[in-house]
Amino acid sequence: MRKSRMVYRPVGLALGALGGAVAGALFTRAWKLIGREGEAPKATDEDRAWREVLIAAALRGAIFATVKAAVDRGGATGVRRLTGTWPG
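Attention here is on the structure that accompanies the text.

What counts and what doesn't
- Residues numbered from 1 in each chain as written.
- Predicted model: local features only at pLDDT ≥ 70, side-chain atom pairs only at ≥ 80, totals over all residues.
- Heavy atoms only, no water.
- Helix = DSSP H or I, 4+ residues; strand = E, 2+ residues; numbered from the N terminus.
- Rg over C-alpha atoms; globule rule 2.2 N^0.38 Å.
- Buried < 20%, exposed > 50% of the residue type's maximum accessible area, 1.4 Å probe, protein only.
- Areas by Shrake-Rupley, 256 points an atom, 1.4 Å probe, with all protein chains shown as cover.
- Lys, Arg positive; Asp, Glu negative; His and termini not counted.
- Charge placed at Lys NZ, Arg CZ, Asp CG, Glu CD.
- Patch = residues over 30% accessible without salt bridge, like charges linked within 9 Å, V, L, I, M, F, W, Y side chains within 5 Å.
- Salt bridge = Lys/Arg side-chain N within 4 Å of Asp/Glu carboxyl O.
- Contact = heavy atoms within 4.5 Å.
- Core = buried A, V, L, I, M, F, W, Y, C linked by side-chain atoms within 4.5 Å.

**Brief notes about the overall build of the chain**
Along the chain, the regular secondary structure elements total two helices and zero strands. The C-alpha atoms of the chain give 17 Å as radius of gyration, which overshoots the globular expectation for 88 residues (12 Å, by more than 25%). Taken over the C-alpha atoms alone, the chain extends approximately 55 × 20 × 15 Å along its principal axes. Buried positions account for 25% of the 88 residues belonging to the chain. Accessible surface, the chain as shown: approximately 6,600 Å² in total, 61% of it carbon and sulfur. Of the charged side chains in the chain, 15 are positive and 7 negative, and the gap between their average positions amounts to 21 Å.

Listed below in structure tokens is the structure:
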């Protein structure tokens, strides 16, 4: 069990960084498809409506959570293949 955790840490960190970049790109693409403007609103954008800000936040959260779960699950599966035990 300890070996699989030691293997998983660097793998998890690398996959997390990659997953964050992928999630950001997916969100940008999704927002361009559904948003009226090119860039997603920030919570402090005074000229944007509450509805638009909250929709953007919910979409960003859903995409990031889904990508994180997929990356974490894939990394754990890969470590199990390498070490024979599930990390965690």
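**Details of a nonpolar patch on the surface**
Together, Leu18, Val22 and Leu26 make up a nonpolar patch on the protein surface, roughly 260 Å² of accessible area in all. For Val22, the position within the fold is in helix H1 (residues 2–34). Residue class for Val22 comes out partly exposed when judged on its relative accessible area of 39%.

**Some remarks on the environment of Arg60**
Along the chain, the position of Arg60 falls in helix H2 (residues 50–83). Once you skip the residues sitting within four places of it in the chain, Arg60 turns out to touch Phe27 and Ala40.

**Here we look at the pattern of salt bridges**
Under the defined criterion, the tally for this structure stands at four salt bridges. Glu39 is the salt-bridge partner of Lys42, the closest N and O atoms lying 3.7 Å from each other. For Glu39, a relative accessible area of 56% gives the class exposed. We note a salt bridge from Arg48 to Glu52, for which the minimum N-O separation is 3.2 Å. Each of the two residues, Arg48 as well as Glu52, counts as buried. In the salt-bridge network here, residues are joined through shared partners; they are Asp45, Arg48 and Glu52.

**Things to note about the nonpolar core**
Within soluble globular proteins, side chains that are nonpolar generally end up buried alongside one another. Ala23, Phe27, Ala30, Trp31, Ala40, Ala56, Ile63, Val67 and Val71 form the largest nonpolar core, which has nine residues in total. Contributing elements (two or more residues each) for this core: H1 and H2. If we ignore the near neighbours within four places in the chain, the residues touching Phe27 are Ala40, Ala56, Leu59, Arg60 and Ile63.

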